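# Chains, contacts and geometry: an overview
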Amino acid sequence: MDTSFFLAWVDEITRVVAAERDRLTELDAAIGDADHGANLDRGFTAVRAALAETTPASPGALLVLVGGTLIRKVGGASGPLYGTAFRQLGKTLGDAGEVSPAEFAAALEAAVDAVRRLGSAAEGDKTMVDALAPAVRALGAAAAEGAKAAEAFDAAARAAEEGAAATVPLQARKGRASYLGPRSVGHEDPGAASTALILGALRTVGAR
Amino acid sequence: MDTSFFLAWVDEITRVVAAERDRLTELDAAIGDADHGANLDRGFTAVRAALAETTPASPGALLVLVGGTLIRKVGGASGPLYGTAFRQLGKTLGDAGEVSPAEFAAALEAAVDAVRRLGSAAEGDKTMVDALAPAVRALGAAAAEGAKAAEAFDAAARAAEEGAAATVPLQARKGRASYLGPRSVGHEDPGAASTALILGALRTVGAR
Amino acid sequence: MKKLINDAGTVVSDALAGVAAAHPGLRVDVENRVVYRASGPRRGKVGLVSGGGSGHEPLHGGFVGHGMLDAACPGEIFTSPVPDQVIEATKGVDGGVGVLHIVKNYTGDVLNFEMAAELCAEEGVEVASVLVNDDVAVRDSLYTAGRRGTGATLFVEKIAGALAEEGAPLAEVAAVAADVNARSRSFGVALSPCTTPAAGKPTFQLADDEIELGIGIHGEPGRTRAAAGPAREIVRVAMDAINEDLPLSGETLVMLNGMGATPLIELYVAFAEVDAYLREHGARAARTLVGNYVTSLDMQGFSVTVCHLTDELTRLWDAPVETPGLRWGR
Amino acid sequence: MKKLINDAGTVVSDALAGVAAAHPGLRVDVENRVVYRASGPRRGKVGLVSGGGSGHEPLHGGFVGHGMLDAACPGEIFTSPVPDQVIEATKGVDGGVGVLHIVKNYTGDVLNFEMAAELCAEEGVEVASVLVNDDVAVRDSLYTAGRRGTGATLFVEKIAGALAEEGAPLAEVAAVAADVNARSRSFGVALSPCTTPAAGKPTFQLADDEIELGIGIHGEPGRTRAAAGPAREIVRVAMDAINEDLPLSGETLVMLNGMGATPLIELYVAFAEVDAYLREHGARAARTLVGNYVTSLDMQGFSVTVCHLTDELTRLWDAPVETPGLRWGR
Ligand SMILES: Nc1ncnc2c1ncn2[C@@H]1O[C@H](COP(=O)(O)OP(=O)(O)O)[C@@H](O)[C@H]1O
Ligand SMILES: Nc1ncnc2c1ncn2[C@@H]1O[C@H](COP(=O)(O)OP(=O)(O)O)[C@@H](O)[C@H]1O
Ligand SMILES: [Mg+2]
Ligand SMILES: [Mg+2]
Ligand SMILES: [Mg+2]
Ligand SMILES: [Mg+2]
């Protein structure tokens, strides 16, 4: 996978985030503050604008740019968390021109570790980590078995979607939803839902 | 008619005003500020309280007390206007122990003149004067023909009711409703409606 | 209707108890419904008394204090006070050189204050009155009760209050009050109706894409209903109405006033448009207020009030004031 | 949804343009979204920077000025600002003796301010942070993101601002800020939800006889839903929660804060009940604020914040302040 692959990924994320913006905001309205869709939409719109100005030389440079832009434009909890994730992804990939599924899986693991460190959320706390962590495991397993990118990304996307769905019965222990205590039960975490979209976009692009 | 007759009138006014309070307020909501029912209800409740403390010696003294209490407790436009009306009514009756329909008609005429002077509203301006003025005319005519109190008061009440109904198509030129310009058309004036209630109460008591 | 009250019948006195507890600089006679300065009348200073229906807070009780009112008489919600309150207040603030009544032009306010003024005069207190009638949405003609008093009331209270504080005689204080009123114009817009505790339901109905133009401060509908639009366009309608009545120019004092339920961030959005409009018309917002000052319970919307300044009026506006609702310089 | 805005996407910058036009004492960098004192940083004075999502006006931009903040960073509506804003503001107010970040305890605010603080430190600006977490509706435990920062933010900004104005060193300013926070407790109640311009519909639904207890300031539902009742009872629930967490006694600083759409007359009704509760519990409201200070757009409701005073804190509270939202002594 080269820079143009990751450019396509970012384009696809931008598209689905815009399309699902209202749903994400509604999920956030139920147990948060009704801005998650607007936040990510603003962030990825800014990413697209940044990419219209410069074309990064490598997948790593591209993803660092994406992460930096998210940090600079999103705000809220998800801005630093997703920003850090993309930056760490890019940093780990370094300046290689081509990235294998295994390399990507390792970089995503580093990215998710960074999110965990920053937000100190564990799996089961009802956050984006509940979608990110199973996706990383699924991707790592597929890559270790030598799966093609398309298959590996499909496994990761499915794991993220299942992880997001599995947040519904949980009581939140991190983020705004935790203020609701038991009333947070019965709602999908918006950040886990957006993680599922981001990995779904990876699947879409990987399947082309 | 003696003091107890006018006491009964005041009781009956208090009763109907309380019963029709919400309707009066709704009329006022449409073209005013939604307080006319509450204003009169507060006023006559205070009148009842005042009458529980002292029993005036004559119809005149009673009606002066009613007027003074309304001035002191109602506020708004209707407080000074109705207050002045009752005070003038009482003052004109003086300290006579008994009042004939003709004397009452003359006193009511003086009362309505006082209202006109204070508020400088003419008939057709869509105010309480549109119910008061025809009521005074009907009462005067009936009294001049030597009608019994019951008949005379029935005529006055009917004239007030017709006068109130006739305010519906008018455009207001006085009071808050005048701010609405042409939008005041199509609504009954709340003050004219309460005048109809007050004269209706007179009919009720006169018919006993 | 949901309200943070104990009982619709006791809202005014319950709130006055809160005012008394919150502001040691005020003395509140809850029984007689008068809000005074705690310091009492000052010999040789003209007293300023205002009042009107409740539901417009901080007007008027929130403007009692050094440099502004000496007393305020709150009536029931949207109902002018009764003469007794005004008499009590007038006597209570008399410093021996007369008292100015600041009266908003509504039939009820005018009648009740007039009755009180007559009685005070009979008892030897000199009273002058100024009628505030700044609302350009109402034509001042034989066919109306005349222009309503709205936002300019605050300007009159502040500027006349500053002059009175300097020891000016009653005639001068009354004259500056009348001058401020003559130089001021207002226009109001509602995005939603309001609900009085007594009525328990909104005073009118507005669809989600409608607004009321030319409203007063008593929850009454406006002159016309219009389609909702961007703040820029709504502000333009208000400013056009003001500008047509008294062409804008030079230094102005501008209040962008919230009707009670409009978020401050929206008031600032609107103020930016007011400021742009003034510049376009060669005028300048030399002094400004943005916030909830002359409200209409829980109505969403705003009013703009513009006063054409002179150096003297600016000086008096800038003079120290210390009230719950307006404070600077001390 | 009806809002007095031009466009849901430009609310924050449009409002900042209005803030700039309304307040000559402020310098507003609309592009970078920072509100500064017009006078700029003062050598030898600790700088105070706060910020957070917009929609809480006058917090924080309305508290920039002498005796309070040096700069505020408004994020999008209910969204914490980005690190760039905080970095810009921090550098812009540095008077050479360090800058205090006043951060409300929300994951987003904490992360963005932390990132900014790290970068500022790398660039040689000394930064200390105080975390405000006064909301007793949230248990501070492993099972939550910790208590939210709400009304006490204003107390921290005012008191730390006064100390900074006197030239105290960063460590002392940070210590008094932390002390004020430790001595403060808040509880909020919603009578209605609010509507963000971006979402365009209320964040939750409440029946006409229901209220939300233990709400924050972001339109989120509270800990529990309860039956609506008289102000007296609702206030008691709030005060009980505060009193159970930090028993009331002695001299207190009390804010009865409106959430944005509650008429001031109702806030006074509630304040009377707060005052009565304090007396019952042997405490006294020595200093008070009643009004819209830390709002949640067009939410109906209120919060109470109580801070246990010391003589020194009272002195700092009373010190002169000159901001759009809070002003006395100058
Ligand atoms: N401590 C945390 N660790 C990981 N993810 C978190 C944490 N706190 C919040 N999140 C994620 O952020 C999402 C909310 O993002 P967003 O709504 O954009 O920010 P905010 O909560 O500041 O409004 C939550 O749904 C959750 O998935
Ligand atoms: N100038 C006037 N002359 C006679 N009646 C008037 C005048 N102005 C108002 N009214 C009467 O008063 C009524 C309103 O009374 P009310 O609602 O109690 O007072 P307010 O208008 O001050 O709220 C009107 O419906 C009208 O009949
Ligand atoms: Mg959110
Ligand atoms: Mg009325
Ligand atoms: Mg009225
Ligand atoms: Mg947010």
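Quick caveat: nothing in here was measured; it's all calculated off a predicted structure. (Residues numbered from 1 in each chain as written. Chains lettered and ligands numbered in written order. Predicted model: local features only at pLDDT ≥ 70, side-chain atom pairs only at ≥ 80, totals over all residues. Heavy atoms only, no water.)

### Let's talk about the overall build of chain A
Along the backbone of chain A there are eight helices and zero strands. In chain A, the order of α-helices and β-strands from amino to carboxyl end is α-α-α-α-α-α-α-α. If you line up chain A on its principal axes, its C-alpha atoms span 50 × 40 × 30 Å. Out of the 208 residues belonging to chain A, those deemed buried represent 60%. Considering only contacts in chain A between residues 6 or more positions apart, those separated by 24 or more positions represent 68%. Averaging the locations of the 21 positively and 26 negatively charged side chains of chain A gives two centres separated by 5 Å. (Helix = DSSP H or I, 4+ residues; strand = E, 2+ residues; numbered from the N terminus. Buried < 20%, exposed > 50% of the residue type's maximum accessible area, 1.4 Å probe, protein only. Contact = heavy atoms within 4.5 Å. Lys, Arg positive; Asp, Glu negative; His and termini not counted. Charge placed at Lys NZ, Arg CZ, Asp CG, Glu CD.)

### What to know about the domain arrangement of chain C
Quite often, the size of an interface is put as the accessible area lost when its parts meet. All names here are of chain C. Per the domain assignment, the segments of chain C are domain 1 (12–182) and domain 2 (184–308). Computed from C-alpha atoms alone, the centre-to-centre distance between domain 1 and domain 2 is 24 Å. Residue-level contacts link 27 residues of domain 1 with 32 residues of domain 2. For the pair domain 1 and domain 2, the summed buried area comes to about 2,300 Å², and 62% of that belongs to carbon and sulfur atoms. (Domains from an automatic or database assignment. Buried area = accessible area lost by both parts, 1.4 Å probe.)

### Topic: the packing of helix H1 (residues 11–22) of chain C against helix H7 (residues 264–280) of chain D
Orientation of H1 of chain C relative to H7 of chain D, taken along the N-to-C sense of each, is 65°, at an axis distance of 7 Å. Crossing handedness for the pair H1 of chain C and H7 of chain D: left-handed. Taking contact as the criterion, the partners of Val11, Asp14, Ala15, Ala17, Gly18, Val19, Ala21 and Ala22 of chain C in H1 of chain C are, on H7 of chain D, Ile265, Tyr268, Val269, Phe271, Ala272 and Asp275 of chain D. Partitioned by chemical class, the residues of the contact of H1 of chain C with H7 of chain D number eleven nonpolar, one polar and two charged. (Axes fitted to C-alpha atoms, helices over the stretch in contact; angles between N-to-C directions. Left-handed = near helix turned anticlockwise from the far one by under 90°. Nonpolar A, V, L, I, M, F, W, Y, C, P; charged D, E, K, R; others polar.)

### A look at the coordination of the magnesium ion (ligand 4)
Residue and element names in this part refer to chain B. Summarising the metal site, the magnesium ion (ligand 4) is bound by the protein donors Asp28 (OD), Asp33 (OD) and Asp35 (OD), whose distances to it range over 2.0 to 2.2 Å. For the magnesium ion (ligand 4), all donor residues lie on one chain, and their spacing in sequence is D-x4-D-x1-D. Between the two metal centres, the magnesium ion (ligand 4) and the magnesium ion (ligand 5), the spacing is 3.5 Å, with Asp33 acting as a shared donor. You'll find Asp33 and Asp35 in the same group, each marked buried. (Donors = N, O, S within 2.8 Å, 3.2 Å for Na, K, Ca; no water.)

### As for the nonpolar core
General note: in soluble globular proteins, nonpolar side chains tend to be found buried as a group. Formed by 104 residues in total, the largest nonpolar core has its most connected members in Leu100 and Leu154 of chain C together with Met239 and Val304 of chain D. In terms of residues, this core owes the most to one element, H7 of chain D, which gives ten residues. Once residues lying within four places of it in the same chain are set aside, the contact partners of Met239 of chain D are Leu248, Val274, Tyr277, Leu278, Val304 and Val306 of chain D. (Core = buried A, V, L, I, M, F, W, Y, C linked by side-chain atoms within 4.5 Å.)

### Focus on the environment of Val176 of chain C
Residue and element names in this part refer to chain C. Mapped onto the secondary structure, Val176 falls in helix H5 (residues 170–182). It is 18 Å that separates the C-alpha atoms of Val176 and Thr150, two residues lying 26 residues apart in sequence. Apart from residues lying up to four places away in sequence, Val176 is in contact with Ile159, Ala160, Leu163, Leu313 and Leu316.

### So, the interface of chain B and chain C
Taken together, the contacts link 33 residues of chain B with 36 residues of chain C. Together, the buried faces of chain B and chain C total about 2,600 Å²; carbon and sulfur atoms form 57% of this surface. Three residues stand out in chain B for area buried against chain C, namely Arg176, Tyr179 and Arg183 of chain B, and they jointly supply 27% of the buried area on that side. For the pair chain B and chain C, the interface holds two salt bridges. Elements that contribute at least two residues to the side of chain B that touches chain C include exactly helix H1 (3–31), helix H2 (36–53), helix H3 (59–73) and helix H4 (78–93) of chain B. The leading source of residues in the side of chain B that touches chain C is H1 of chain B, at five residues. (Salt bridge = Lys/Arg side-chain N within 4 Å of Asp/Glu carboxyl O.)

### Brief notes about the coordination of the magnesium ion (ligand 6)
Around the magnesium ion (ligand 6), the protein supplies Asp33 of chain A (OD), Asp35 of chain A (OD) and Phe78 of chain D (O) as donor atoms, at distances of 2.0 to 2.4 Å. The metal-metal distance between the magnesium ion (ligand 6) and the magnesium ion (ligand 3) comes to 3.5 Å, with Asp33 of chain A coordinating both. Within this pair, whereas Asp33 of chain A is found in the loop between helix H1 (3–31) and helix H2 (36–53), its partner Phe78 of chain D is found in the loop between strand S4 (71–77) and helix H2 (83–93), the two belonging to separate chains.

### A short note on the interface of chain C and chain D
On the chain D side, the residues contacting the 59 residues of chain C number 59 residues. Area buried by chain C at its contact with chain D is led by Lys2, Leu4 and Ile265 of chain C, which between them contribute 20% of it. Counting every contact that joins chain C to chain D gives two salt bridges. Of the charged contacts, one joins Lys3 of chain D and Glu266 of chain C as a salt bridge, the two residues approaching to 3.7 Å between their closest N and O atoms. Our enumeration of links across chain C and chain D arrives at 22 residue pairs in polar contact (both at pLDDT 80 or more). Of all the secondary-structure elements, those providing two or more residues to the side of chain C that touches chain D are H1, strand S8 (210–213), helix H6 (231–245), helix H7 (264–280), strand S11 (283–291) and strand S14 (327–328) of chain C. With eleven residues, the top contributor of residues to the side of chain C that touches chain D is H7 of chain C. A per-class count over the side of chain C that touches chain D returns 34 nonpolar, twelve polar and 13 charged. (Polar contact = N/O pair within 3.5 Å; in protein donor to acceptor, adjacent residues only side chain to side chain.)

### Notes on the site of ligand 2
Ligand 2 sits among 21 residues. The nearest are Asp33, His36, Ala77, Ser78 and Asp189 of chain B. Near ligand 2, residues from chains B and C are present, making the site a shared one. Side-chain polar atom of His36 of chain B to an oxygen atom of ligand 2: 2.8 Å apart, as the coordinates give it. For ligand 2, the accessible surface in isolation is 570 Å², of which the surrounding protein chains cover 96%. Elements represented by at least two residues in the shell around ligand 2 include exactly H2, H4 and helix H8 (190–206) of chain B. A class-by-class count of the residues in the shell around ligand 2 yields six nonpolar, nine polar and six charged. (Near = heavy atom within 4 Å. Areas by Shrake-Rupley, 256 points an atom, 1.4 Å probe, with all protein chains shown as cover.)

### Description of the site of ligand 1
Around ligand 1 sit 21 residues, and of these His36, Ala77, Ser78, Asp189 and Gly191 of chain A come closest. What surrounds ligand 1 is not a single chain but chains A and D. For ligand 1, an oxygen atom lies 3.2 Å from a polar atom in the side chain of Arg176 of chain A. In this structure, Asp189 of chain A approaches ligand 1 through a side-chain N or O atom, which is 2.5 Å from an oxygen atom. Listing elements by their share of the shell around ligand 1, those giving two or more residues are H2, helix H4 (78–93) and helix H8 (190–206) of chain A. Here the shell around ligand 1 takes three residues from H8 of chain A, the largest share from any one element. Among the residues forming the shell around ligand 1, the class breakdown is six nonpolar, nine polar and six charged.

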